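One-letter residues, chain by chain:
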Amino acid sequence: MIHYNPNTRTFNLLGQHSHYAMLVDGDGRLLHLAWGPTPNPVTGHNRFAPPGQSSFEFQGQRDELPAYGPISVHEVALKVSFPNPPTALKPGDTLNRPIRDVRLAYTGYEIEENGQLSMVNGQLPTAPSSLPNPQSAIRNPQSTLLRIFLHDPAQPLAVTLCYRLFPAHDVIERWCELTNTGPNPIRVEKLAFAALHLPPGSSEVTTVHGAWGAEFTTQRHVLPVGSFNIGHRSVQTGHAFNPFFLANRPGQATETSGPVYFGALAFSGAWLLTFEHQHSGDVRVFGGYNPFDFELILQPGQTHTTPAFVCGVSDEGWGGASRRLHTFTRDAVLPNDAPRPVLYNSWEATYFALSHEGQAALARKAAAIGVELFVVDDGWFGGRRSPLSGLGDWTVSPEVFPRGLQPLIEEVHALGMQFGLWFEPEMVNPDSDLYRQHPDWVLHFPGRPRTEARMQLVLDYGRAEVIDHIFNALDAILANHDIDFIKWDMNRNVTEPGSVTGKAIWRAHAAGVYGLMDRLRQKYPHLSLQSCSGGGGRVDLGILRRVDQVWTSDNTDALDRLRIQEGFSLAYPARIMEAWVTHEKNHQTGRVLDLATRFDVAMRGVLGIGSDLNALSDEELKAYASYIAFYKRFRHVVQDGDLYRLETLAEQGASTLLYVLPDQSEAVYSVAVHDHLIGRHRPPACLRGLNPQATYAIFDRHERAIAHLSGADLMAQGIPGDTYGPAGYSRTLHLKIGD
Ligand code: GLA
C-alpha cells in the first residue's frame, strides 16, 4: 500500500513486511525518513533534521535524491549544468557564467494501481496518465507505482522520482525521469537512478567481484568511513563486478537472521554503485550511470527515463535477502516461467570443427540420454572457421553445412529436441565481409588505433542502420529456420568508444541490445534467449527482462563452480543459472572430477551437458541418462523453489543447499564439499523451511527411498550420514511429502 498524509506531508510505502517513508519539509524538500523490515507507517517526525543553523550542521540532511546544489559536501545523485542565465536575474548577477547547481522542490504526486491512476495530489484523477512507463513488461500485476514530482523553481528542469512497490516481495523498483521544460539544451553531468539511505550504521556490505572464468567471487567487509565503488567501464555488465549488494549493521546479520538491505541495477551499460559511509554513521548507496566520460544532453522538451535500481529489505538475513531477489526476479522480471529444458551444447566437443554429420551424431546421442535442447555454438556462419574471421557475416556457411542448416534442425526436432544457435551480434572481425563493406560501423576514434580483442571490433550500436542491419540478418536466419533458442554472446570489453552518438554510447549500446532482443522476441514469441558474455559477463536485472537464462561462466570445473554459483545465488535465481557437466578432465582447469560431483553441482541450476558424447562409453552414457532423468524429476523444485544456503564455503568449506517449493511439499537437498573435511566430524547441516509436521520420503537418484523423516527431525538433525567427506564429496536427494 502507498499512502500520503497531507497533514504531516509524509509518504509511506508499506510492503507485507516492510516500510519506506519520506517527508516533504517546510521548504518543499523531499527527505528520506525511514526504511525497515516492519510494515508499520511512520509519522512525519524528521529525526535527521539539522540540530542548529551552523552551515556545517546541514550535512546530515537526507534528500531523497541528493543533487549538487544545496549545502553538502557529500556524494550526489544528480549534477546538472544549465548553459543559460536563470530566468530571473538578481542584482549583481553576471551573464555568461554557466549555472552548475540544481535545487529540487516538491510539486505533487500521483499513484497508479495496476496501470490505472488512482490518486493525483490526494484527489481522484480526472484523466488517465500519459507519462511513459518504461518498466511495463511485468507479469505480476501486484504492484503500485508512486510518482513524486519535483522541479527546480528557477531552472527548466523537472524530475520525477518513481517508486514501484511490490508489496508481497518487499521490493521497490526505483528510477527517475528528467525533463527539460525550457527552450535550450541542458547538460546532465552525473545521474544515479536512485540514492538509497540505509539506516545509520549499515556498513557491512556484501558484493561480488571476478574475472573471466572466475565470476561472482563473494566479498563481505565493513566499510571504512569514505567511499567504496564497484562498477564497469564498458558496454556490458562485466566480469569484474556485478551490480548488486547486500548490506547490514556489522554483527547484526547472519545467513539466517537480521535485517538485510539489498539493491540491484536493471542496466547492462557502464554502471557504478557507490557506497558512502559518512562520519555520522550514515550509509548511502548511489546506483546508476558510471560518471566516467558521462554526458546526457537533454534537448528542449525531452524526457530521459533512467533504468531501475531495485531495492528491498528482509528480516531473515542474507539468505532472506537472496530469496526476496529470487522471487522478485522470477515473478516480475523474467519473460516467462516455463520449465527450463536440459541443454546440450557441442562447443567443447567440437569447437570449430563443425559438420552436419558430426553435429547430427552428437544430437542422436544427446537425445538418447534425455537432452531437450541441442545448441550449435560458434563457427556455423560466414568464414568463421576460427576466432580470426567471419564475425558479422550471419549467413549459414555452405562449407560447413552444404545442404544448409535446416536439415540438421529437422533432425534435431525429429529427435524430440529444440534447436539452439550461437550468435555474437554486437561484433565484427576485421576479416569479414561486413567490415570490408562498412569499416566505419565500428566504435573508433578517427586516425587512432582500433584495438582488437579476440581479433574483433565492436559495432557502433549508436547507429540506427547498424541495428537494422543486424536485426535483418538475424531475422533472415530465424525466418528461414525453425530455431527455438539463441545463445547471445559478447566477447570483449570496449576500447576507443568513438560513436556517432558521442559519449551517449555508454548507454546507447545497451539500449540497442535491448531493442534488438525486444524486436526479436516480439516477432518470434516462442524464441528463448541466453545471455552470455565470455561466460557471466552480462547478468543483471535489465538483460533478465529479455533473456530466459544466462551462461554463468566458461569455467565448468565443479569445485570452482561451487564458489561461482554461491556468489551468483546471492542475487540471482537458479532458474536462470546454466550449469553444465563437461569432461572428466576439465578443459579450463585440467582438474579431474568424478561424474557424481560434476552432476551434483550442475543440477543446482539449469542443467546442461557440454561433454564430448562420442568419447563416452555406453556405461557412462547410461549414467548421464540416469542423472538427467533424476534432474527432470525434481527440476521444478530447483527452478521455482526457495533457496536456503545451509552451509557456505567461507564458513564450512562445503556448500549445502536446500530448495523448497513454496507449499513445502517437495525439497531438493544438495551437498558438495570444497575443502577436505576429513576428521572434522562436522554434523550434518540442519534443513530449513520444511513443514515440521509432515513426513518426508527422501529419494536418491535410483528412486530408492533412503529414509522417511519428519520435517521437524530434518530441521533439527539434518540428513543422516552427511558427516564428513573429502573435497568433491557430493550428494543430491529429493524430498517429498506423502510417499
Ligand atoms: C565464448 C563463450 C563460450 C563459447 C565461445 C565461442 O567464450 O563464453 O561459451 O560460446 O565464446 O567462441
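Not measured: the values here are computed from a predicted model.

**Re the packing of helix α3 (residues 356-369) against helix α4 (residues 406-414)**
Link 1 in the chain: Their axes nearest at 10 Å, the elements α3 and α4 cross at an angle of 10 degrees. The angle between α3 and α4 falls in the class roughly parallel. Here α3 contributes His-356, Gln-359, Ala-360, Ala-363 and Arg-364 to the contact with α4, which in turn contributes Pro-407, Leu-408, Glu-411 and Val-412.
Link 2 in the chain: Residue classes in the contact of α3 with α4 are distributed as 5 nonpolar, 2 polar and 2 charged.

**Some details on the site of the ligand**
Link 1 in the chain: The immediate surroundings of the ligand are formed by 13 residues, with Asp-377, Asp-378, Arg-454, Lys-487 and Asp-554 found nearest.
Link 2 in the chain: With respect to the ligand, the side chain of Asp-378 contributes an N or O atom lying 2.6 Å from an oxygen atom.
Link 3 in the chain: The side chain of Asp-489 places a nitrogen or oxygen atom 3.0 Å from an oxygen atom of the ligand.
Link 4 in the chain: In the complex, 95% of the free accessible area of the ligand, which totals 310 Å², lies under the protein chains.
Link 5 in the chain: Among the residues making up the shell around the ligand, the classes are represented as 4 nonpolar, 3 polar and 6 charged.

**Comments concerning the environment of Glu-465**
Link 1 in the chain: Within the secondary structure, Glu-465 is located in helix α6 (residues 464-480).
Link 2 in the chain: On the basis of relative accessible area, Glu-465 is assigned to the partly exposed category, the value being 36%.
Link 3 in the chain: In sequence terms Glu-465 and Trp-441 are 24 residues apart; their C-alpha atoms lie 9.1 Å from each other.
Link 4 in the chain: Among the polar contacts made by the side chain of Glu-465, one reaches the side chain of Arg-463 at a distance of 2.9 Å.

**Details of the pairing of strand β28 (residues 528-531)**
Link 1 in the chain: Side chains Ser-528 and Gln-530 project from β28 onto one buried face, and the interleaved Leu-529 and Ser-531 project onto a second face that is buried too.
Link 2 in the chain: Sheet topology places strand β27 (residues 485-488) next to β28; 4 bridges connect them, and they run parallel. Paired with Lys-487 across the two strands is Gln-530, which belongs to β28.
Link 3 in the chain: In this region the chain leaves β27, passes through helix α7 (residues 505-523) and returns to the parallel neighbour β28; the handedness of that crossover is right-handed.
Link 4 in the chain: Taken together, the 2 bridges between β28 and strand β29 (residues 549-551) define a ladder with parallel strand orientation. Bridge pairing links Ser-531 to Val-550 in β29.

Here is what the cut-offs are and how they apply
All residue numbers here refer to positions counted from 1 along the written sequence of the relevant chain. It should be noted that, the model being predicted, local features are given only for residues of pLDDT at least 70 and side-chain atom pairs only at 80 or more, the latter also being counted only at that level, while totals for whole chains, interfaces and linings use all residues. Each side-chain value is derived from all of the structure's non-hydrogen atoms; neither hydrogens nor water enter the calculation. Between N-to-C directions, angles cover 0 to 180 degrees, with each direction set by a line fitted to C-alpha atoms, over the stretch in contact for helices. Per the convention used, a helix needs a DSSP run of H or I reaching at least four residues, while a strand needs a run of E reaching at least two, with both numbered from the N terminus. Throughout, the term roughly parallel applies to angles under 35 degrees, roughly antiparallel to angles over 145, roughly perpendicular to angles from 65 to 115, and oblique to all others. The contact criterion used is simple: two residues touch if any of their non-hydrogen atoms lie within 4.5 Å. Polarity classes work like this: nonpolar for Ala, Val, Leu, Ile, Met, Phe, Trp, Tyr, Cys and Pro, charged for Asp, Glu, Lys and Arg, and polar for all others, with Gly in that last group. Any residue with a heavy atom lying within 4 Å of a molecule or strand is counted as near it. Within 3.5 Å is the distance limit for a polar contact, defined as a pair of N or O atoms, with the added protein rule that one can donate a hydrogen and the other accept it, and that residues adjacent in sequence qualify only through two side-chain atoms. Note on areas: Shrake-Rupley with a 1.4 Å probe; residue coverage comes only from the protein chains shown. Three labels apply to residues, based on accessible area from a 1.4 Å probe with only protein chains included: buried if under 20% of the type maximum, exposed if over 50%, partly exposed otherwise in between. A pair of strands is treated as paired once DSSP finds two or more bridges between them. A clockwise path from the first strand over the helix to the second, with the strands pointing away from the viewer, defines a right-handed crossover.

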